[in-house]
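For reference, the chains in residue letters:
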Amino acid sequence: MTSRRLVLTRSAAVIGAASTGLLLPEIVRAQSAKVRVGFMLPYTGTFAQLGVAIENGFRMAVNEQGGKLGGREIEYFKVDDESEPSKGIENANKLVQRDKVDVLVGTVHSGVQMGIQKVARDTGVLSLIPNAGVHAATRSLCAPNVFRTSFTNSQPTRALGKAMVDRGHKKAVWITWKYAAGDEAFEGFKESYTAAGGTIVKELGLPFPQVEFQALLTEIAALKPDAVACFFAGGGAAKFIRDYAASGLKDKIPLYGSGFLTEGVLDAAGPAANGIITTMHYSDSLPTLRNGQFRLNYAKTFRLQPDVYAVQGYDTGLLLIQGANAVKGDLNNKPALYKAMESAVIDSPRGKWTMSPSHNPVQDMYLRVVENKENKVIGVAAKALADSGAGCKMA
Ligand code: PHB
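Residues numbered from 1 in each chain as written. Predicted model: local features only at pLDDT ≥ 70, side-chain atom pairs only at ≥ 80, totals over all residues. Heavy atoms only, no water.

### Let's talk about empty space enclosed by the protein
Considering all chains together, one arrives at 1 cavity of 30 Å³ or more under this definition. As a volume, the largest cavity reaches approximately 100 Å³. Along the walls of the largest cavity sit 16 residues, with Val-108, Asn-131, Phe-151, Tyr-179 and Phe-231 positioned nearest its centre. Residues belonging to the lining of the largest cavity are distributed by class as follows: 11 nonpolar, 5 polar and no charged. Inspection of the lining of the largest cavity shows a minimum of three residues originating in each of domain 1 (5–151 + 287–362) and domain 2 (155–280). (1 Å grid on protein atoms, 1.4 Å probe; cavity = no way out; pocket = protein on both sides within 12 Å on 5 of 7 lines; lining within 4 Å. Points joined across faces, edges and corners; volume = space filled by probe spheres on them. Nonpolar A, V, L, I, M, F, W, Y, C, P; charged D, E, K, R; others polar. Domains from an automatic or database assignment.)

Structure, rendered in structure tokens:
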């Protein structure tokens, strides 16, 4: 009874306001309403820590700018996507249809991203990808409302092959989880390693997120390559590093990877990680003021060391702030919003980067080595590396 009366009273008030031309305050209120930001990230499973780092980084960027987007307060919504591709569309719809978010920030896992991509294309919601590197998102299925602040899966490994050959490793085994991220990372590795004169003697894999590596490590020992290259990340990466050392391979066959292998796992992996060389668009030890300030603020705020995922979350916040400021908080002004985001220069802890025409970062790739629980930069493996954007009709 009470709620029905309330509804009647409210509608009577609206009719009254309309007849006297007093609807204006309603409109003003709608424009100054909070921006609804939805995080669709893994908060459980092997990528749980990655999801948390992304959210932390995003919030930190926004809080450094006074906690607002284009002058508007923010309301956050969260969905744990569990890195489960079969629930990708349903979970994205929880944020878009149920929570009516203005912006969807997600996710980590390439398979889950394909669900978000479908919902983003179907509904037009602004979709910011803070990690997942699946090629299609900024190639064949690219869309004006989808922006990636991280990488494509083949970007880091395209910088890896030459670095390995330069170190004298001409025969390599590749090992990964068999799903889009691992397969596309292999594409980049294969291209760069063979172009530099290397030979891939075997491609090994296991389903995501399995971590029973023993049989595969035994196979590597029998193959005796000059080096091993891989894609693993999160909890599974920490276990792979430990198992690789425990099996006695570490001192015989050097381990390389895209830098995800050694991101956020150096405490868990311990000394087994020392000496691993990787390529990545970030390094803990980048000697810039920007990186130093970022790392200090992050450590103070969250009592954690930041990693590449925190940087990507932070940069997602920076990108959205630039877009929202350009349209003074009116995120419905899509042409101006997208134009501002397309032309943004992101002053990131990783170094300045820009958007490619298909909305993926054009960025430097660093060569790093693990020393005393830090990814130390030892060189630039590729300068201003852009993904091909093949198949994207948007540009
Ligand atoms: C992906 O699934 O695209 C993915 C996941 C974790 C990473 C990198 C890529 O660290």
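### Quick look at helix α12 (residues 289–302)
The end-to-end C-alpha separation of α12 is 20 Å, in line with the 20 Å expected for 14 residues at 1.5 Å each. If you follow the buried residues of α12, they end up packed against α3 (48–64), α13 (308–326) and β11 (345–348). Directly after α12, the chain includes Arg-303, whose backbone phi takes a positive value near 55°. (Helix = DSSP H or I, 4+ residues; strand = E, 2+ residues; numbered from the N terminus. Expected span 1.5 Å × (residues − 1). Contact = heavy atoms within 4.5 Å.)

### With respect to the site of the ligand
Taken together, 15 residues lie near the ligand, and Val-108, Ser-110, Gly-133, Tyr-179 and Tyr-309 sit nearest. Taking Gly-133, its main chain carries an N or O atom lying 3.0 Å from an oxygen atom of the ligand. One of the side-chain N or O atoms of Asn-153 is found 3.5 Å from an oxygen atom in the ligand. Grouping the constituent residues of the shell around the ligand by class yields 10 nonpolar, 5 polar and no charged. (Near = heavy atom within 4 Å. Polar contact = N/O pair within 3.5 Å; in protein donor to acceptor, adjacent residues only side chain to side chain.)

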